[in-house]
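# Examination of the molecular architecture
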Number of protein chains: 2
Amino acid sequence: MDMESTSLEKATVFARARPLFKGLPEKLKAKVVELARKTIKLGKDEPRRVAHSLKVGLALNLVSLLYYFRPLYDNFGVSAMWAVMTVVVVFEYSVGATLGKGLNRGFATLLGGALSVGAHHLACLSGEIGEPIMLGFFVFLQAAASTFIRFFPKIKARYDYAVLIFILTFSLISVSGFRDDEIIELARRRLLTILIGGSVCVIISILICPVWAGLDLHNLIASNIGKLGNFLEGFGDEYIKTSKAGESEDDKSFLQQYKSVLTSKSNEESLANFAKWEPGHGRFKFRHPWNQYLKIGTLARQCAYRIDALNGYLNTEIQQPSSEMRYKIEEVCKEMSLECGKALKELALAIKATSQPSSANTNTHIENSKSAAKNLNSLLKSSVWEDTDFLAAVPVAAVASLLIEVVDCTEKIAESVYELASMANFKSIEATVLPEKSQIRQRDDVKSPAKVDCPHVCITVNEPTPAISGNGNPSVTTRNLEL
Amino acid sequence: MDMESTSLEKATVFARARPLFKGLPEKLKAKVVELARKTIKLGKDEPRRVAHSLKVGLALNLVSLLYYFRPLYDNFGVSAMWAVMTVVVVFEYSVGATLGKGLNRGFATLLGGALSVGAHHLACLSGEIGEPIMLGFFVFLQAAASTFIRFFPKIKARYDYAVLIFILTFSLISVSGFRDDEIIELARRRLLTILIGGSVCVIISILICPVWAGLDLHNLIASNIGKLGNFLEGFGDEYIKTSKAGESEDDKSFLQQYKSVLTSKSNEESLANFAKWEPGHGRFKFRHPWNQYLKIGTLARQCAYRIDALNGYLNTEIQQPSSEMRYKIEEVCKEMSLECGKALKELALAIKATSQPSSANTNTHIENSKSAAKNLNSLLKSSVWEDTDFLAAVPVAAVASLLIEVVDCTEKIAESVYELASMANFKSIEATVLPEKSQIRQRDDVKSPAKVDCPHVCITVNEPTPAISGNGNPSVTTRNLEL
């Protein structure tokens with residue numbers, strides 16, 4: 001009976017609430033749906049974000065044990081809060097950032113604590129009235145000097161957080177020493193709890209779904225070069241299409257990917273900074289040449305500036321009739337662009353696989369694009385242009401000229417990628433025959449001497465035995481000679 | 001006697017120390033000198049850095065008073081440390097950054113404190129054993145959710161610090177509530193001391209040599225546009241020089257200034273973020289259209305990409321003989337570049353002075369560059385090119401084509417600057433005669449009607465009195481008619 005009345009009550013409440021619920025502004029509803037959609041997308045795009053969030057929750061609960069367990073709490077007391085604080089501020093998305101912050105915080109606390117204990121003793125010597133004055137003087141001097149040091153670009157890049165924590169620790173301990181004489185005990189507890197908090201962060205960030213800034217930087221550079229390659233591969237076709245039809249509104253999004261390369265500088269720099277803190281992981285050793293990535297990134301950006309200029313010619317409509325000459329030039333431009341694109345994509349793949357880029361392949365593409373550039377030169381020299389409007393030729397000439405620069409950029413990028421591969425001892429895959437073969441298909445007449453000293457080469461040997469199919473003896477024996 | 005022996009002792013100590021001092025590795029000495037030089041340069045380049053360092057020292061000393069004065073300390077106790085901590089982490093270089101961080105910290109502490117008190121009460125309901133489990137659950141849930149929220153780009157840009165402090169406050173207070181039942185008192189003290197610390201930071205950063213992020217952004221955009229203008233003004237000359245002589249290694253540094261524009265995006269964005277927190281200051285009201293600056297910055301960067309491509313043609317050596325035609329085209333290119341440069345510099349000056357850009361002047365320059373572009377077109381149409389090598393003409397054509405794009409960019413920049421000026425109600429200086437005059441010098445035959453309704457126009461009136469030099473009466477009276 002009681003149950004029934006309750007359910008009746010519930011029903012009436014629901015009935016009353018329904019119009020209210022219905023009356024909910026559609027706008028708010030739409031916003032909630034939109035927000036949910038965005039949240040799900042954010043997590044789906046990068047599941048490591050969800051993992052990171054859970055890791056932070058876990059780390060916080062681990063350091064909370066300092067409060068929950070009586071014996072631990074008796075040891076640290078309220079100082080346990082420094083562990084919680086350390087976890088909240090030190091736990092960053094990547095291992096490098098977490099380690100960097102943790103080490104910065106640890107060493108800065110140690111140094112700040114030691115100096116502040118010294119300052120406290122000095123201040124104590126100057127009597128009741130002199131003490132706060134001396135302390136104030138020390139704090140002022142230290143804070144002003146340290147704050148100024150933070151303006152040095154090199155310090156700002158790597159040790160900004162350490163200086164901040166140094167100021168904090170020095171000020172806190174020396175000033176609270178005025179009221180609390182157990183200053184060394186205070187400093188010791190603070191350091192210990194910070195070490196506990198920092199260690200928890202570092203251990204969790206390394207052990208559970210680690211996010212390596214170094215790997216991210218590596219992949220970012222590879223994908224940036226790949227994006228440039230995508231544009232250049234597609235550019236030739238799109239350019240000829242636009243100039244012919246003036247429309248072609250199909251999917252061009254892959255042509256716009258390169259835009260993110262234009263502004264990736266700060267991202268690359270911070271990733272490199274974090275990566276330098278990271279221990280060896282996966283295919284990267286501790287002293288991996290991270291700065292070389294920045295160099296490649298800068299070259300890629302220079303290439304992207306040229307590509308941005310090229311992109312301008314895709315969107316302008318050109319109406320003049322296409323002459324025979326123009327057609328020829330466009331074909332050569334297409335070839336240059338395509339070959340550069342292939343070379344860049346080859347480099348991107350090699351970086352992604354941390355393998356020595358097959359210099360044969362890449363160089364072939366670069367040489368092809370260079371010889372196309374030479375063709376262009378000779379085409380232009382043969383002044384068959386007299387019949388065409390020079391005005392119409394200007395954009396073509398501009399594109400050709402920009403492409404010549406792109407070829408130059410591509411060569412530079414290739415060189416710096418080779419440099420990276422040799423600095424970082426990327427594994428060599430030159431020796432395997434497979435990529436070689438596919439390349440040689442086009443020029444079967446050429447006998448590559450490199451083929452002979454490769455391992456895993458199958459050599460077909462005709463044995464001088466008669467062909468007897470009955471006894472199962474193969475007429476031709478294939479021996480796998482492990483050379 | 002005693003004095004003498006001491007000074008003797010001192011002398012021997014010095015004598016002994018001298019070789020040691022001399023023996024100091026020259027390298028270290030050089031490094032110290034270098035460091036001192038760098039430090040002085042850092043301060044001289046931007047004296048506001050020194051001021052900022054002193055301000056931080058002052059703010060720290062002010063909040064230290066919470067420790068030094070007995071009545072204050074009795075009120076806050078160890079919670080006084082939150083004030084010190086707040087000053088260290090909240091005091092940023094610009095007013096906007098300080099205010100933003102202070103407000104973020106204040107509100108996040110309030111919200112985090114309130115919710116954690118609620119969580120503490122809920123957890124208390126579940127008994128001795130249930131309490132830490134409930135607390136752990138709340139902390140985990142809150143930390144994971146908040147950490148995930150930090151990945152939203154909009155939150156990251158403006159409220160990242162608030163979310164961090166929310167996690168910190170919630171975790172600290174709810175967890176320490178397990179050991180300390182005076183949790184509301186704890187939260188109250190923490191909030192109060194954070195308010196004190198934050199207020200000290202904000203007040204000092206506004207009252208003493210304030211560094212306004214908004215003003216910095218304003219000046220950065222103006223100087224970026226000015227740098228582009230400098231390049232374009234100089235480009236024409238340099239280009240012709242290079243193509244003629246192939247050398248001219250004199251001071252070209254002003255031509256390289258534009259490079260900083262290529263990578264100023266992140267700087268502009270963070271300044272705009274800070275600026276949005278700032279109250280009205282100087283010539284900027286509270287809701288100044290800071291986003292419009294970002295728009296102008298993006299357009300300027302697009303222009304800079306083209307300029308970077310142009311810059312490539314300055315450094316390549318071109319050997320072909322300069323034909324008559326080429327000379328003509330180069331002259332037109334020079335004109336286009338020069339006029340664009342002038343227009344941009346005009347715009348930069350107007351922004352710097354927060355005045356309406358004299359649209360007459362700027363438009364004249366833009367119109368000039370456009371008509372130069374038209375000239376170029378007609379030059380190119382007249383196919384006098386038959387006599388020249390087309391190959392040699394390619395770079396010229398490329399430069400011409402890029403310059404046409406630069407003219408386009410310049411027009412877009414001008415439009416967005418006009419938009420900014422009208423959005424922000426920049427003061428109008430169209431009415432003053434001086435800039436108008438200098439422009440009219442070249443076309444004295446045109447009578448500008450604008451001249452008549454200007455204030456402060458000096459009109460020379462010949463009075464019909466006889467010229468008597470003796471009585472000091474001037475033969476011509478100049479009246480300042482305040483129209």
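Parameters at a glance
Residues numbered from 1 in each chain as written. Chains lettered and ligands numbered in written order. Predicted model: local features only at pLDDT ≥ 70, side-chain atom pairs only at ≥ 80, totals over all residues. Heavy atoms only, no water. Helix = DSSP H or I, 4+ residues; strand = E, 2+ residues; numbered from the N terminus. Buried < 20%, exposed > 50% of the residue type's maximum accessible area, 1.4 Å probe, protein only. Contact = heavy atoms within 4.5 Å. Areas by Shrake-Rupley, 256 points an atom, 1.4 Å probe, with all protein chains shown as cover. Least-squares fit on C-alpha atoms with pLDDT ≥ 70 in both. Salt bridge = Lys/Arg side-chain N within 4 Å of Asp/Glu carboxyl O. Polar contact = N/O pair within 3.5 Å; in protein donor to acceptor, adjacent residues only side chain to side chain. Nonpolar A, V, L, I, M, F, W, Y, C, P; charged D, E, K, R; others polar. Domains from an automatic or database assignment. Buried area = accessible area lost by both parts, 1.4 Å probe. Patch = residues over 30% accessible without salt bridge, like charges linked within 9 Å, V, L, I, M, F, W, Y side chains within 5 Å. Phe/Tyr/Trp six-rings, centres within 6.5 Å; stacked < 30°, edge-to-face > 60°. Expected span 1.5 Å × (residues − 1). Bend = angle between axes of the 7 residues up to and from the residue. Lys, Arg positive; Asp, Glu negative; His and termini not counted. Charge placed at Lys NZ, Arg CZ, Asp CG, Glu CD. Core = buried A, V, L, I, M, F, W, Y, C linked by side-chain atoms within 4.5 Å. 1 Å grid on protein atoms, 1.4 Å probe; cavity = no way out; pocket = protein on both sides within 12 Å on 5 of 7 lines; lining within 4 Å. Points joined across faces, edges and corners; volume = space filled by probe spheres on them. Axes fitted to C-alpha atoms, helices over the stretch in contact; angles between N-to-C directions. Parallel < 35°, antiparallel > 145°, perpendicular 65-115°, else oblique. Left-handed = near helix turned anticlockwise from the far one by under 90°.

### Some thoughts on the overall build of chain A
Broken down by element type, chain A carries 18 helices and two strands. A total of 483 residues make up chain A; the buried ones form 48% of that total. Nonlocal contacts in chain A, meaning residues at least 24 apart in sequence, comprise 79% of its contacts between residues at least 6 apart. Split by element, the accessible area of chain A, about 24600 Å² in all, is 62% carbon and sulfur.

### Some words on the relation of the copies chain B and chain A
The operation relating chain B to chain A is a screw motion whose rotation component is 180°, with 0.0 Å of axial translation and a residual RMSD of 0.1 Å. What the rotation and shift describe, once combined, is the action of a two-fold rotation axis. Closest approach to the rotation axis within chain B is made by the C-alpha atom of Ala398 of chain B, at a distance of 1.9 Å. By residue overlap, the copies meet face to face through one surface: 99% of the interface positions of chain B are interface positions in chain A.

### Quick look at the interface of chain B and chain A
Facing the 73 residues of chain B at the interface are 72 residues of chain A. Taken together, the connections running from chain B to chain A amount to two salt bridges. One salt bridge in this structure joins Asp308 of chain A and Arg306 of chain B, with 3.2 Å as the shortest N-O distance. Taken together, the connections running from chain B to chain A amount to six residue pairs in polar contact (both at pLDDT 80 or more). Considering every element that reaches the side of chain B that touches chain A, the biggest residue donor is helix α3 (residues 47-68) of chain B, with 13 residues. For the side of chain B that touches chain A, the per-class residue count stands at 46 nonpolar, 16 polar and eleven charged.

### As for the domain arrangement of chain A
Residues and elements named next belong to chain A. In terms of domains, chain A is made up of domain 1 (49-207), domain 2 (213-423) and domain 3 (449-482). On the domain 2 side, the residues contacting the eleven residues of domain 1 number seven residues. Taken together, both faces of the contact between domain 1 and domain 2 bury some 800 Å²; the carbon and sulfur share is 66%. Along the contact surface separating domain 1 from domain 2 lie zero salt bridges. Inspection of the region where domain 1 meets domain 2 yields two residue pairs in polar contact (both at pLDDT 80 or more).

### Here we look at unusual backbone geometry
For residues besides glycine, phi is generally negative; the peptide bonds are generally trans as well. Non-glycine residue Thr354 of chain A carries a positive phi angle of around 40°. The residue Thr354 of chain A is located in the loop between α15 (324-352) and α16 (359-381) in this model. You will see that Asn425 of chain B, though not glycine, has its phi angle at about 50°, which is positive. If you trace the backbone, Asn425 of chain B turns up in the loop between α17 (390-423) and α18 (434-440). The exposure class of Asn425 of chain B is exposed, given its relative accessible area of 54%.

### Side note on a nonpolar patch on the surface
Residue and element names in this part refer to chain A. Residues Leu58, Leu62, Leu65, Phe69, Leu72, Ile203, Leu207 and Ile208 make up a contiguous nonpolar surface patch of roughly 680 Å² in combined accessible area. If you tally residues by element for the nonpolar patch, the top one is helix α3 (residues 47-68), at three residues. Residue position: Leu72 is located in helix α4 (residues 70-76).

### Thoughts on the packing of aromatic side chains
In total, this model carries 23 aromatic pairs over all chains according to the counting rule given. Relative to Phe152 of chain B, the ring of Phe148 of chain B has its centre 6.4 Å away and its plane inclined at 90°; by these criteria the two rings are edge-to-face. Residue Phe148 of chain B is classed as buried on the basis of its relative accessible area, which comes to 13%. Every member of this aromatic cluster is reached through a ring pair, and the members are Tyr93 of chain A together with Phe148, Phe151 and Phe152 of chain B.

### Things to note about helix α8 (residues 153-176) of chain B
Residue and element names in this part refer to chain B. With 24 residues, α8 extends 32 Å between its outermost C-alpha atoms, agreeing within 8% with the 34 Å of an ideal straight helix rising 1.5 Å per residue. Tyr159 marks the point of greatest bend in α8, at about 85°. Burial within α8 is extensive, with 17 of its 24 residues counted as buried.

### Observations regarding a positive patch on the surface
A cluster of like positive charges, contributed by Lys154 of chain A together with Lys27, Lys31 and Lys38 of chain B, occupies part of the molecular surface. For the positive patch, the leading source of residues is helix α2 (residues 26-45) of chain B, giving three residues. Relative to the helices and strands, Lys27 of chain B is located in helix α2.

### Focus: the nonpolar core
Core analysis: the largest hydrophobic core is formed by 126 residues, its most contacted members being Ile225 of chain A together with Ile225 of chain B. Sequence-distant contacts of Ile225 of chain B, defined by excluding residues within four places in its chain, comprise Ile296, Leu344, Leu347, Ala348, Ile351, Ile413 and Val417 of chain B. The next biggest cluster of nonpolar side chains, apart from the first, holds 86 residues, and it includes Ala123 and Ala162 of chain A together with Cys201 and Ile204 of chain B.

### Quick look at empty space enclosed by the protein
The final tally for this structure, using the stated rule, is eight cavities of 30 Å³ or more. Empty space within the second largest cavity amounts to approximately 60 Å³. Lining the second largest cavity, in full, are His52, Val56, Leu60, Val88 and Phe91 of chain A together with Thr147, Arg150, Leu164 and Ile167 of chain B. Of all the secondary structure elements, the ones that give two or more residues to the lining of the second largest cavity are α3 of chain A together with α8 of chain B. Of the residues belonging to the lining of the second largest cavity, the class tally is six nonpolar, two polar and one charged.

### Notes on the side chain of Ser337 of chain B
With respect to the element layout, Ser337 of chain B can be found in helix α15 (residues 324-352). When its relative accessible area of 0% is taken as the criterion, Ser337 of chain B is described as buried.

### Details of the packing of helix α8 (residues 153-176) of chain A against helix α5 (residues 80-90) of chain B
For the pair α8 of chain A and α5 of chain B, the least separation of the axes is 10 Å and the interaxial angle reads 155°. Regarding the angle of α8 of chain A to α5 of chain B, the classification is roughly antiparallel. Relative to α5 of chain B, α8 of chain A is oriented so that their crossing is right-handed. Contacts between α8 of chain A and α5 of chain B involve Leu164, Ile167, Leu168, Ser171 and Leu172 of chain A from the former and Met81, Val84, Met85, Val88 and Val89 of chain B from the latter. Looking at side-chain class alone, the contact of α8 of chain A with α5 of chain B contains nine nonpolar, one polar and no charged residues.

### Remarks on the environment of Leu215 of chain B
Residues and elements named next belong to chain B. One can find Leu215 in helix α10 (residues 213-245). Along the chain, Leu215 and Tyr258 lie 43 residues apart, while their C-alpha atoms are 21 Å from each other. Excluding residues that lie within four positions of it along the chain, Leu215 makes contacts with His281, Arg283 and Phe284.

### Things to note about the packing of α3 of chain A against helix α9 (residues 183-207) of chain A
All names here are of chain A. In contact at an axis separation of 10 Å, α3 and α9 are set at 145° when each is read in the N-to-C sense. α9 is crossed by α3, and the crossing has right-handed handedness. Contacts between α3 and α9 pair Lys55, Leu58, Ala59, Leu62, Val63 and Leu66 from the former with Ile196, Gly197, Val200, Ile204 and Ser205 from the latter. The class makeup of the residues in the contact of α3 with α9 is eight nonpolar, two polar and one charged.

### A look at the pattern of salt bridges
Enumeration over the complete set of coordinates arrives at 37 salt bridges over all chains. Here Asp45 of chain A makes a salt bridge to Lys41 of chain A, at a shortest N to O gap of 2.7 Å. Separated by four residues within a single helix, Asp45 of chain A and Lys41 of chain A lie in helix α2 (residues 26-45), roughly one turn from each other. Exposure remark for Asp45 of chain A: the relative accessible area of 49% places this residue in the partly exposed category. Using a relative accessible area of 44% as the deciding quantity, one classes Lys41 of chain A as partly exposed. A network of salt bridges, in which partner residues are shared, links Lys259 and Asp308 of chain A together with Arg306 and Glu405 of chain B.

### Quick look at the environment of Ser416 of chain A
Relative to the elements of secondary structure, Ser416 of chain A occurs in helix α17 (residues 390-423). Separated by 156 residues in the primary sequence, Ser416 of chain A and Ser260 of chain A place their C-alpha atoms 21 Å from one another.

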